[in-house]
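# A look at the structure
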Amino acid sequence: MRYELEADYLPLWKAAQTYQDKRNDKGHAFIVTAYASFIAARENCAATVVIPAAILHDIGWSAVSLEDRMSIFRSDTPKEQKMQARVVHQEQGVLLAKELLEKVQYDTALIPVILEIISQHDSRKGFISNNEGAMRDADKLWRYDEYGFMSDYLNGTGAIADQIKVLEQYIDTEHFFCFESSRQLAKDLLVKLKAKYLP
Ligand SMILES: [Fe+2]
Ligand SMILES: [Fe+2]
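Residues numbered from 1 in each chain as written. Chains lettered and ligands numbered in written order. Predicted model: local features only at pLDDT ≥ 70, side-chain atom pairs only at ≥ 80, totals over all residues. Heavy atoms only, no water.

## Description of the pattern of salt bridges
Counted by the stated rule, this structure contains 10 salt bridges. Taking the shortest distance from any N to any O, the salt bridge between Glu168 and Lys194 comes out at 2.5 Å. Of the two residues, Glu168 sits in helix α9 (residues 160–171) while Lys194 sits in helix α10 (residues 180–197), which places them 26 residues apart along the sequence. The class of Glu168 is partly exposed, set by a relative accessible area of 37%. What makes Lys194 partly exposed here is its relative accessible area of 29%. With a shortest N-O distance of 3.6 Å, Asp172 and Lys187 are connected by a salt bridge. Taken together, the residues Asp172 in the loop between α9 and α10 and Lys187 in helix α10 connect sequence positions 15 residues apart. For Asp172, a relative accessible area of 52% corresponds to the exposed category. Note on Lys187: relative accessible area 29%, which makes it partly exposed. Each of Glu116, Arg124, Glu132 and Arg136 takes part in salt bridges that share partners, so that together they form one network. (Salt bridge = Lys/Arg side-chain N within 4 Å of Asp/Glu carboxyl O. Helix = DSSP H or I, 4+ residues; strand = E, 2+ residues; numbered from the N terminus. Buried < 20%, exposed > 50% of the residue type's maximum accessible area, 1.4 Å probe, protein only.)

Put into structure tokens, the structure is as follows:
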């Protein structure tokens, strides 16, 4: 996928840069933003909400200890511990995102909506709007994109075949993807992963 960040969002991108990709997942913010921009255009969402939410969604990891950040990827970390780390990165993310959006003088009418998306992007059941769904679908598509898939694999402790199996199970889980078009894209990406990484 080719993507160039729209010029309007460059100030925000630059302001957020030092807080990005803190889970040994270089490129996460950019790739999620690329998918978010693509989905927003395809599903007629508000790019002015979806793109900043995507840029800022994971900056809160920068305020979480390295051990807690990386424990998310380990299969031996208790579920509750993983959820606690996720909650903290969401809470810290909202605080930091507010600061950065105000710093770049982003449209004040849009800030609460963007912060609402960030506040539960990894923990909310179901979707509150198409804008929120677009951002969260983009975050999930990272796992199916070959680059994100390999990044997650290298951070984890499991076998590549098991990781593919988990992704396959998620695809048809209710409320995993907001848009049918995102689910279809994940399926297409999974076909490519299987062809390349399964014997
Ligand atoms: Fe997150
Ligand atoms: Fe993310």
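Let's pick the thread back up.
## Considerations on the coordination of the iron ion (ligand 1)
Around the iron ion (ligand 1), the protein contributes the donor atoms Asp58 (OD), His89 (NE2), His121 (NE2) and Asp122 (OD), which lie 2.0 to 2.3 Å from the metal centre. If you list the donors of the iron ion (ligand 1) from N- to C-terminus, the spacing comes out as D-x30-H-x31-H-D. Between the iron ion (ligand 1) and the iron ion (ligand 2), a spacing of 4.0 Å is present, and a bridge between the two is formed by Asp58. Here Asp58 is found in the loop between α3 (47–56) and α4 (66–71), whereas its partner His89 is found in helix α5 (residues 79–103), with 31 residues between them in sequence. (Donors = N, O, S within 2.8 Å, 3.2 Å for Na, K, Ca; no water.)

## Notes on the coordination of the iron ion (ligand 2)
Four donors placed tetrahedrally about a metal ideally form angles of 109.5 degrees, and six donors placed octahedrally ideally form angles of 90 or 180 degrees. Within the protein, His28 (NE2), His57 (NE2), Asp58 (OD) and Asp139 (OD) serve as the donor atoms for the iron ion (ligand 2), at 2.1 to 2.3 Å. In this structure, the iron ion (ligand 2) is coordinated by four donor atoms arranged in irregular fashion, with angles at the metal of 87 to 179 degrees. Within one chain, the residues donating to the iron ion (ligand 2) are spaced in sequence as H-x28-H-D-x80-D. (Tetrahedral: all angles 85-135°; square planar, octahedral: opposite > 155°, others 65-115°.)

## Things to note about the layout of surface pockets
Put simply, the largest pocket is a space of about 1400 Å³. Residue assignment for the lining of the largest pocket shows that the elements contributing at least two residues are α5, α7 (130–144), α8 (146–155) and α9. (1 Å grid on protein atoms, 1.4 Å probe; cavity = no way out; pocket = protein on both sides within 12 Å on 5 of 7 lines; lining within 4 Å. Points joined across faces, edges and corners; volume = space filled by probe spheres on them.)

## Considering the nonpolar core
Generally speaking, a soluble globular protein has its nonpolar side chains buried in company with each other. The biggest cluster of nonpolar side chains holds 55 residues, and the ones touching the most others in it are Ile55, Leu56, Leu101, Ile114, Leu141 and Tyr144. Residue assignment for this core shows that the elements contributing at least two residues are α1 (10–16), α2 (28–42), α3, α5, α6 (111–119), α7, α9 and α10. A total of eight residues in this core trace back to one element, the largest contributor, which is α2. Here Leu101 is in contact with Leu12, Pro52, Leu56, Tyr106, Ile111, Ile114 and Leu115, once residues within four sequence places are set aside. (Core = buried A, V, L, I, M, F, W, Y, C linked by side-chain atoms within 4.5 Å. Contact = heavy atoms within 4.5 Å.)

## A word on α5
An ideal rise of 1.5 Å per residue puts 36 Å on 25 residues; α5 measures up with 36 Å between its terminal C-alpha atoms. Those residues of α5 not exposed but buried are Lys82, Ala85, His89, Gln90, Gly93, Val94, Leu96, Ala97, Leu100 and Leu101. Of the surrounding elements, those touching the buried residues of α5 are α1, α3, α4 and α6. The first or second residue beyond α5 is Gln105, which carries a positive phi of 55 degrees. (Expected span 1.5 Å × (residues − 1).)

## Remarks on unusual backbone geometry
The phi torsion of most residues other than glycine is negative, and most of the peptide bonds are trans. For Asp21, which is not glycine, the phi dihedral falls at a positive 55 degrees. Positive phi, close to 55 degrees, is recorded for Asn44, a residue that is not glycine. Within the secondary structure, Asn44 is located in the loop between α2 and α3. In this structure Asn44 comes out as exposed when scored by relative accessible area, which is 72%.

## Comments concerning the side chain of Asp152
Residue placement: Asp152 occurs in helix α8. Lacking a salt bridge, the buried Asp152 has Arg143 as its closest oppositely charged neighbour, with an N-O distance of 5.4 Å. Those residues in contact with Asp152 that lie beyond four places of it in its chain are Phe73, Trp142, Arg143 and Gln163. (Lys, Arg positive; Asp, Glu negative; His and termini not counted.)

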